[in-house]
Amino acid sequence: MRKQIAAANWKMNLTFQEAEKLLDDILDAGIKLTDHQEVLFAVPYPYLLMTRSEVEEEPNYHGAAQNCYHKSAGSYTGEVSAEMLHSIGINYCIIGHSERREFFNETNSMLMDKVNLCLENHVIPVFCCGESLPVRDAGRQNDFVASQLSGSLFHLPADKIKMIMIAYEPIWAIGTGKTASSAQAQEMHHFLRSVLADQYGTAIADEIPILYGGSVKANNAKELFSCTDVDGGLVGGASLIAQDFIEIITALK
Ligand code: PGA
């Protein structure tokens, strides 16, 4: 079975003390993951080491970064490289979240460099894509999202694309409480998988996890995750509430 993933994206929230307590509360629930399930905690940089040590004894739970820089090293004050992440035992990184694309002007070509640097440094990219409301209203969501994939991922050879995870996050559903319906999510995930299949063949497309993100909550996770092509979720707001995220983990296939 394809990997099924519940990924928490804490964004720029929580003090260190609150973050430790939230992790403790979630891990204290003692949810044992199956071999094909993973839980990721994408936490702010200063909390990565604490997160790594909290999950050390928990099979299939991992810390993740929310971003890394698109250059390998050098005079880039304030930035963090993929190599640095790997050197502290962090092997997952969100790449190209819509908030980074919008507020930090990240382009498809910068994201391509980030994906390359992650893979060179054994960090698995969780590559985000997704359309805005005007794009969906114009019926252009498929072309838009396909161009995000081709612009940042399709230079990769087959053995490398297999390493990545994709998160489909319609911008109109992020933090708005307006979730894509399970039919809308399944339709887009199925489309993304067909785009991957056209490029790499169905065997590889069938291996790549595609997470849904955008107002995933305790009360809609089960329905979304039950869709054939939805392999879990990238969760913002609801990942900050222990009980809610626990329920989201238990909703994984
Ligand atoms: P949300 O955020 O769950 O609060 O909508 C999702 C995300 O931005 O990854």
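Nothing here was measured: the structure is a model prediction, and the numbers come from that model. (Residues numbered from 1 in each chain as written. Predicted model: local features only at pLDDT ≥ 70, side-chain atom pairs only at ≥ 80, totals over all residues. Heavy atoms only, no water.)

Caption draft 1: Geometry of the overall build of the protein chain. The number of helices and strands found in the protein chain is 12 helices and eight strands. For 253 residues, the compact-globule estimate of 2.2 N^0.38 gives 18 Å, and the C-alpha radius of gyration of the protein chain, at 17 Å, lies within 12% of that figure. With respect to the principal axes defined by its C-alpha atoms, the protein chain has extents near 45 × 45 × 35 Å. When the 253 residues of the protein chain are sorted by exposure, 53% land in the buried category. (Helix = DSSP H or I, 4+ residues; strand = E, 2+ residues; numbered from the N terminus. Rg over C-alpha atoms; globule rule 2.2 N^0.38 Å. Buried < 20%, exposed > 50% of the residue type's maximum accessible area, 1.4 Å probe, protein only.)

Caption draft 2: Layout of the site of the ligand. Near the ligand there are 13 residues, and of these Lys11, His97, Glu169, Gly175 and Ser215 occur at the shortest range. Interatomic distance of 2.8 Å between a backbone N/O atom of Gly236 and an oxygen atom of the ligand. Contact with the protein chains hides 97% of the accessible area of the ligand, taken as 280 Å² for the molecule alone. Split into classes, the residues belonging to the shell around the ligand amount to four nonpolar, seven polar and two charged. (Near = heavy atom within 4 Å. Polar contact = N/O pair within 3.5 Å; in protein donor to acceptor, adjacent residues only side chain to side chain. Areas by Shrake-Rupley, 256 points an atom, 1.4 Å probe, with all protein chains shown as cover. Nonpolar A, V, L, I, M, F, W, Y, C, P; charged D, E, K, R; others polar.)

Caption draft 3: Summary view of the nonpolar core. Of all hydrophobic cores here, the largest spans 74 residues; its most connected members are Phe41, Leu153 and Phe245. The leading source of residues in this core is helix H9 (residues 182-200), at seven residues. Other than its neighbours up to four places away in sequence, Phe245 contacts Ala6, Ala7, Ala8, Ile26, Val39, Leu40, Phe41, Val235, Ala238 and Ser239. Counting 14 residues, the second-largest nonpolar core is a separate cluster that includes Ile5, Ile124, Cys128 and Met165. (Core = buried A, V, L, I, M, F, W, Y, C linked by side-chain atoms within 4.5 Å. Contact = heavy atoms within 4.5 Å.)

Caption draft 4: The arrangement of helix H2 (residues 48-55) in detail. Burial in H2 covers these residues: Leu48, Met50, Thr51 and Val55. Each buried residue of H2 lies within a common arc of 160 degrees when the element is viewed along its axis, so the set occupies one face. (Arc of directions from axis to C-beta.)

Caption draft 5: The packing of aromatic side chains, seen in detail. According to the stated counting rule, one finds seven aromatic pairs in the structure shown. Plain terms: the ring middles of Phe154 and Tyr200 are 5.7 Å apart, the flat faces sit at 80 degrees to each other, and that makes the pair edge-to-face. Placement of Phe154 in the loop between helix H7 (141-152) and helix H8 (158-161) and of Tyr200 in helix H9 is noted, with a sequence separation of 46 residues between them. An aromatic cluster is defined as three or more aromatic residues linked by ring pairs; in this entry it consists of Trp10, Phe41, Tyr61 and Phe245. (Phe/Tyr/Trp six-rings, centres within 6.5 Å; stacked < 30°, edge-to-face > 60°.)

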